[in-house]
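Residues per chain, in single letters:
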Amino acid sequence: MSGTGVIKAVPPQDLMRDLRTFVAGATRRVKTNPLELARTALSVLKTLPAARDAVLEYFCTLFNSAVSKYVTQIETDMCLDSSSSTSGHEDATIVEIHVVLCNFVSSNPKAWAPIISTWSLELLGELSSRYAGRAHVPLSAGLNETLQLWMSCRATRILIDITTQCLSCLMHSDTESCINALLDTSVAHSPHFDWVVAHVGSCFPHTVITRVLSCGLKDFSQHGSADQSAKAPKLNSVVGILGHLAGSHFADIRSALLELFQWSLEPDKHEGDGENAERPATVPFLLQLASLSSTLLHALSTDVLHTLTPSMLPKLAALAPSWCDYFGGSQALEDLIVHLALGCEQGGTQILKLLLDAASPLDYSTTAAPDSSVSASVKSTSREILELLLQEIDHLLRSTMPGACSIPLLCSIKQEVTVIQPLLLSGDPLHVQTAVRLLGLLGYHSTAVLVSSAAFLLQRASTDGHLVALVRLVTGGICNSTSASQLEQENGCYYKTGCLAQALEQAMRSNAGCVLGDEGAIQPPPEQLWHNVAHLLRWEHSGKAPSLRGGLISRAVRCNLQEVSDRLCTVCDPNLACDIAEVLDLTIVADRSSHDVYTVNIQLTLLMAKAVVAYFFLCVSEKDDLVRFRGVRLCCHLLAHLSSHSPPARSLALRELLEGSLFHSHSRLFGAKLPSQIRAPREDVQLLHENHKQGTSVMLAQRHSSVFHAGVIGHGPRKTLANQSQEPDTVTHNTQLLIEVIKACCSSGGTGSETGSEQSPTHPVSLDAITTVSLLLVELISPDVMYNGLPWPEEEFCKVTVERDLHIRRLFDDLPLIWHLMSLVATYRPALCYCSVLLRALTATLLAQWGSAAQRAQHNDRLLATTTQVLELMALGQLLPPPLSSLRDVIPHLKPQEVVQLIRDCVWNYLRDHVPSPALFARDENGLMWRDATLAHPEPQYTDTLRSTMQNNIQHLGTLYSQLFPPMSSKCQNE
Amino acid sequence: MSISNSELKHILKETEFPFCARIALGRVEEMCTTQNIGRTSGAKHVDISMEIISEFVFCEVDRRGSRKRRLNCIQELQLLEVLCDFFTSSVIGGEAVRNMVFMSLFPPTHSDRSRLLIKLVSMASSTKNVPVLTATGMWMQKLGCTSKYSLDLAQGLVKDYFVLIPKAVSGLQDLPQLAPQFTANFLTAVAEMYGVVEKRHIFSPPPDTLLEVITQWVSDNPTLCLAALMVNLQLALPLGGVPMAAITPFAGLFKWCILAPLHYVSQTSTSDIPTSDCNSSESPLYSRLHLALLESLLECYAPSPGLHCADASATENISAQHIAAIIEPIVRWLKDRTRMENESARIRGELALHMALDRLAQVIQVALVTHSVYGNIQELFSQLEMLPENRLLQIVINTHRNL
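Each residue is numbered by its place in its chain's sequence as written, counting from 1. Each chain is given a letter, starting from A, and each ligand a number, starting from 1, according to the order in which they appear as written. A pLDDT threshold of at least 70 governs which residues receive local features in this predicted model, and a stricter bar of 80 or more applies before side-chain atom pairs are shown or counted, although totals over entire chains, interfaces and linings include all residues. To get the side-chain values, all heavy atoms of the structure are used, and hydrogens and water are removed first.

Asks: How would you explain the overall build of chain B if you had to name every residue and give the values?
Replies: In this description a helix means any DSSP run of H or I spanning at least four residues, a strand means any run of E spanning at least two, and both kinds are numbered starting from the N terminus. A count of helical and extended segments in chain B gives 20 helices and 2 strands. Buried residues in chain B amount to 54% of all 403 residues. Here the analysis covers contacts within chain B between residues at least 6 apart in sequence; of these, 75% occur between residues at least 24 apart. Per element, the accessible surface of chain B, about 17,900 Å² overall, is 55% carbon and sulfur. Accessibility here uses a 1.4 Å probe with only protein chains present; expressed as a share of the type maximum, an area under 20% marks a residue as buried, one over 50% as exposed, and anything in between as partly exposed. By the convention used here, residues are in contact when the closest approach between their heavy atoms is within 4.5 Å. Per-residue accessibility takes into account occlusion by the displayed protein chains alone, with areas from the Shrake-Rupley method and a 1.4 Å probe.

Asks: Residues and numbers for the overall build of chain A, please.
Replies: From N to C terminus, chain A includes 44 helices and 6 strands. Considering only contacts in chain A between residues 6 or more positions apart, those separated by 24 or more positions represent 76%. Here chain A displays about 45,500 Å² of accessible surface, and carbon together with sulfur accounts for 55% of that area.

Asks: Describe the packing of helix α30 (residues 625–645) of chain A against helix α33 (residues 728–746) of chain A, with residues and values.
Replies: Residue and element names in this part refer to chain A. Under this scheme, a helix contributes an axis fitted over its contacting stretch, all axes are lines through C-alpha atoms, and angles between N-to-C directions fall in the 0 to 180 degree range. Following both chains from N to C, one finds α30 and α33 inclined at 20°, their axes separated by 7 Å at the closest point. For the element pair α30 / α33, the angle class is roughly parallel. In this structure, α30 crosses over α33, and the sense of that crossing is right-handed. Contact residues: R628, F629, V632, C636, L639, A640 and S643 in α30; T730, H733, N734, L737, E740, V741, A744 and C745 in α33. When its residues are assigned to classes, the contact of α30 with α33 shows 9 nonpolar, 4 polar and 2 charged. Angles are sorted into four bins: roughly parallel if under 35 degrees, roughly antiparallel if over 145, roughly perpendicular if 65 to 115, and oblique for all others. Crossing handedness is read from the near helix: turned anticlockwise from the far helix by less than a right angle, it gives a left-handed crossing, and turned clockwise, a right-handed one. Throughout, the ten residues Ala, Val, Leu, Ile, Met, Phe, Trp, Tyr, Cys and Pro are labelled nonpolar, Asp, Glu, Lys and Arg are labelled charged, and all others, Gly among them, are labelled polar.

Asks: With reference to specific residues and values, describe the packing of aromatic side chains.
Replies: All names here are of chain B. Two rings belonging to Phe, Tyr or Trp (six-membered ring only in the last case) form a pair when the distance between their centres is within 6.5 Å. Interplanar angles under 30 degrees mark stacking, angles over 60 mark edge-to-face geometry, and anything in between is tilted. Applying the stated criterion across every chain, the model contains 17 aromatic pairs over all chains. Plain terms: the ring middles of F186 and W217 are 6.4 Å apart, the flat faces sit at 65° to each other, and that makes the pair edge-to-face. Placement of the pair is F186 in helix α10 (residues 180–195) and W217 in helix α11 (residues 208–220), with a sequence separation of 31 residues. Residues F186 and W217 agree in their burial class; the two are buried. Among the aromatic residues, ring-to-ring pairing joins F86, F87, F102 and F106 into one connected group.

Asks: Just give me the short version of unusual backbone geometry, but keep the residues and values in it.
Replies: Residues and elements named next belong to chain A. With an omega of 0°, the peptide bond running from R829 to P830 counts as cis. Tracing the sequence through the fold places P830 in the loop between α37 (816–827) and α38 (836–856). Its identity is not glycine, yet Q878 carries a phi of approximately 60°, on the positive side. Here Q878 lies in the loop between α39 (861–876) and α40 (887–890).

Asks: If you had to explain the pattern of salt bridges to someone new, which residues and values would you point to?
Replies: Each salt bridge in this description consists of a side-chain nitrogen of Lys or Arg and a carboxyl oxygen of Asp or Glu lying within 4 Å of one another. As enumerated under the stated definition, the model contains 21 salt bridges over all chains in all. B:R115 is paired through a salt bridge with B:E76; the nearest N and O atoms lie 2.8 Å apart. One end of the pair, B:R115, is in helix α6 (residues 114–127); the other, B:E76, is in helix α4 (residues 73–89), with 39 residues separating them in the sequence. Classification of B:R115 as partly exposed rests on a relative accessible area of 32%. Taking the relative accessible area as the measure of exposure, B:E76 reaches 2% and is therefore buried. Among the salt bridges present, the one from B:E328 reaches B:R332, with a minimum N-O distance of 3.5 Å. Of this pair, B:E328 and B:R332 are both found in helix α17 (residues 320–337), 4 residues apart, which corresponds to roughly one turn of the helix. By relative accessible area, which is 47% here, B:E328 ends up partly exposed. We classify B:R332 as partly exposed; its relative accessible area is 23%. The structure contains a network of salt bridges with shared partners spanning A:D53, B:E76, B:R115 and B:K119.

Asks: Any details on the interface of chain B and chain A? Residues and values, ideally.
Replies: Interfaces are frequently sized by the accessible area removed from exposure as the parts join. On the side of chain A, 32 residues touch chain B, which itself brings 27 residues to the contact. Accessible-area loss on putting two parts together, using a 1.4 Å probe and summing over both, is the definition of buried area adopted here. Of the roughly 2,700 Å² buried between chain B and chain A on both sides combined, carbon and sulfur atoms contribute 66%. Put simply, chain B and chain A have 3 salt bridges between them. Of the charged contacts in the structure, one is a salt bridge between A:R20 and B:D85, with a shortest N-O distance of 2.7 Å. In protein, a polar contact means a hydrogen-donor-capable atom and an acceptor-capable atom, both N or O and within 3.5 Å, with residues adjacent in sequence counting only if both atoms are side-chain atoms; elsewhere, any N or O pair within 3.5 Å suffices. Run the count over chain B and chain A and you get 4 residue pairs in polar contact (both at pLDDT 80 or more).

Asks: I'd like a rundown of the confidence of the model for chain B, residues and numbers included.
Replies: Residues and elements named next belong to chain B. Looking at any residue, its pLDDT shows the predictor's confidence there, from 0 to 100. Scored by pLDDT, chain B has a mean of 76; 79% of the residues are at 70 or more. For chain B, helix α16 (residues 311–314) is the element with the lowest average pLDDT, namely 46, and α11 is the one with the highest, namely 86. The low-confidence segment residues 271–279, where pLDDT is below 50, has 9 contacts with residues more than four positions distant or belonging to other chains. Of the regions scoring below 50 in pLDDT, residues 304–314 engages in 8 contacts with residues more than four places distant in sequence or in other chains.

Asks: Can you tell me about the nonpolar core, naming the residues and giving the values?
Replies: Membership of the largest hydrophobic core comes to 425 residues, with the highest contact counts inside it found for A:F22, A:F59, A:F63, A:F616 and B:W256. Once residues lying within four places of it in the same chain are set aside, the contact partners of A:F22 are A:L37, A:T40, A:A41, A:V44, A:A54, A:V55, A:Y58 and B:L77. Definition used in this section: a nonpolar core is a set of buried Ala, Val, Leu, Ile, Met, Phe, Trp, Tyr and Cys residues joined via side-chain atoms within 4.5 Å.

Asks: Could you give an account of a nonpolar patch on the surface, naming the residues involved and the relevant values?
Replies: Residues and elements named next belong to chain A. A cluster of nonpolar side chains, V785, M786 and Y787, forms an exposed patch at the surface whose accessible area comes to about 350 Å². Examined against the element boundaries, Y787 turns out to sit in the loop between α35 (767–781) and α36 (798–814). The exposure class of Y787 is partly exposed, given its relative accessible area of 45%. Think of a patch as exposed residues, more than 30% relative accessible area, with no salt bridge, where like charges cluster within 9 Å and nonpolar side chains (Val, Leu, Ile, Met, Phe, Trp, Tyr) cluster within 5 Å.

Take a look at the structure:
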């Protein structure tokens, strides 16, 4: 050291000495105590500003050696205690350095923070890339492991602390340069530096995110316009940093992205040239970010996507050409967009709707016509993207095993499938097609989607186009058209049938729900479903649609026969019922192609029968004749089919028909004279209020003011309802219809395959069935189970059964329908025999009545009419052989005493002695049963009364007499 | 001179870094000495010495002339140490040679070396290395105290001592005694640096520590401001060197003192300017500095016999133009002030204005009386007319107009 200085105080000497010591130590020329050296360095730093850089550089080596020791210590896995001595002084120096630097920063943040933060960031970057892959943390280790490793190292922890302290000082004044430094270091030492950024970022999330984005954008707009946007060096680190921060600050990222996007769409304000240059690069930048990180894609798709509307598209379209440059052509841009769209976990429907609305806008007011070239390009581009998107999904699905492939976009759409479904009903063919394709693709993975969509369509389709869409949806899945082998095709067919069946079930269920009115939402008219099903069935039967040839629809309906029948049972709207019945008819009757293959189980058949009967009564009560006839024809058709194939169904149908028409509320339709019912009116009148009205004054006992309305409490006073008796015409009509239906039920469709006879309106009626009818009549009308046998007892015995007889008689009087039924039965001999008990009861009551009439010597027209009816019945059923069969023609001309005599001798006694039994009848060559009149010629003891009575009244009955009792000669000839 | 240049280069190449710089410096000094005596023609020697400096002192280029890796900071520190040692020990050629070497080390053409120069000067200031500081003072004066180079240097020093490590200031107390010329030139540069008028502000106040130190310097050393004038430059400069006309820090520092009241009063009145970093009220240091400056003006009017300065130079302290430059911001401030609505602010503004005008009048009075002003004085007076009415100023004008 030279001593030539003119004036030299002691302190500069010291300074110089310190400096020399430091330089010597730092350059390793002299061996020094590291702690001493560090102290010297710190003092030099405090007193000699010129040495600042050098000292900081020296600190770098200190930190480096500390970290290196730490890392090797971990690597060699030394015991914890043995290391303490070596790292002791270093830790101490590092702590001292920390304190000094922090003091500097806090004393004058503006001046010191940039220096220290740059230094610490650079050092951190160097350290983390130098020791990357060491200390049992592999290069590929995740951020968390790295973070843990470095945060447990004292040196790096202190560095991080210093950095954050500097940054927090600078954050308010000089964010730009801060983040730039951070990013630059991150670029230089990527990916080893990521943990620092992550740590710093989580300390200042909002600032870091927005600044990182803007830095990235700036960089992108400068570098990205070249051919490969991947050249932008900061992009990857931007993505990395945002990815790390996404874990805990996702909302910040989302809002930052949204702000950026909205900013990019703002009109240029000519604020600064640099900013304007960045605007067009924003969207490509965002796209690029999204393509590099699914997290960011998620963030973008949650927020940004929702702000996009079709009306914004023209604006975007104007910008789009400049975007293409960033990706090397429009093709690449479209590809990128498609792939991004595929990766969206949310907002799938949003994307789809946007594309669709843009491709074929339904509402032209949003994309106004003036700029037609722009809107045309928007349209064509959207179409293109949409097509690409669908193709890509298709491709992906086909190239993987079912269930193995998961496309986020599809999943997202699946969650919001209710948004897509209405597209199926859109008037625009593109919308419909897209929806069909998309749902078909979705259906590849989850049948439920397919099913619910099909159900949706079934319920709402109102045009042929919609039904075509439905057919395409169901038949046009992925697996069927390509599968080659027969087996697979069949499987596919079953699959489709199953699909459709489930869809139908779902549709019916929701349909029923809407009938009950549980949802206030716009529900399609319930008839629509059945219209549609019927329509489809007709298509299928027409055989013109190749895709429906496998009996797809009818099979599907058959799977749901039970539900269909249930619906038919419960439905009250005749039109709806008609539609359902039609479907039923088309399914089970009209389809002859495969009914031998398919056998309906008994329970189902019974249910259907019941349903049809219910439908019949509904039809009958219908006012409109046309509807009524159509319905009844349908019923006949159905019942004939059902009962010819299933005896149980027949018996059930018959029982239901009879019971319903006779005793239930339907009986009114058939002219039943019911006692005028006293019912509580439906109006909302309370009995209490009515009674209050009466007594405004003080109520006195025994005065008329104290007489109250009689009524049901809570329902108001009783009112006698006028008995709405049916028009006689209608009654006749209805009765005819009922008879028709019963006949249809009884028709013998043949046990085998008499398919031809089914179509003819006049079916041969099976006798067994008619027998069933007559037995049913007995069962229903006779109140007793005893003494219902065929034989007629002594007349005296009537005194025992008089009660029952009167009951039966009463029923006959009240229910004129019974007469018609009886005559039906009588037509088909010998079924009337089984109704013997009814006839007996009638006859017994008639006897008694005529007897009393004889005493009073008055003529009773009604009595006469009834008697005539009974006698007619017996004659029709050939229970009374000629000449007894002509009794009804005789009676009107006789006095009551004579009538009593006649009935007793000719009817009662004859039948008592000749039990009316089917055995009396014989089958002729036509298969009809007849009672041989020659064999059954009654003995004189039964005819004599008639003969003498007629003789007594020969003035009226001359002609008849000659017919009934021809001269003996002819009689002898006959014998 | 015993070895040829190529041999020297060979030797230098064999030598390690800090030592080769030392040897190279010695060689350069030798060459400068011969040049100064005038024995050899300049141009070739200058080239060779430049080469050597570039290759072996600053290690900027390697032997093939291409760019080398920069020295790291510790090596730089070593180099600084070597440089300091060299300047302290070099006695062969006297001051002129030293300055010559210094000039060749830091020529204005090598702007990238200014970083090192700042460090060197900073280090010299702390270690009180007088030769280096003196050479720097010369360097500044040659390049012009208000030139960009000097301003950069001043800025670096201010950052080191007054911003980053204010505690190190204590080491600068005796700087005026050690290197008065350097200090004076430094003051000129600093005054210029902070006197630069920005758009919104009429004046950017210096850090308090800086102001304090300057006040102390000026009041303790009345002749300090004249130091730049008092040195006979021709002796210190190498052969044929022409110094720039010296500028004293008077005008710049007076400007601080005069504008400071206006600055602070406008800072308090307009609330939109954040007042976090600077005190909102005027520091009393300004008036102390003002007084010290006036005293030192008076001081040099009655020069002590010990000083060897000529009367002629003493009268050329302050350019009339520089004083006139103070008037313009005041006028501008007046225009701005018309926007003030607040009554109390208006009153405070009035007070501040009169204080500023008083100080201006004092300065003019003293300067004129001591004959320190040169240049177009009439022009100055006509400009003074533009200022608002002030009693003292009026008296001063009336007194001197007639002369």
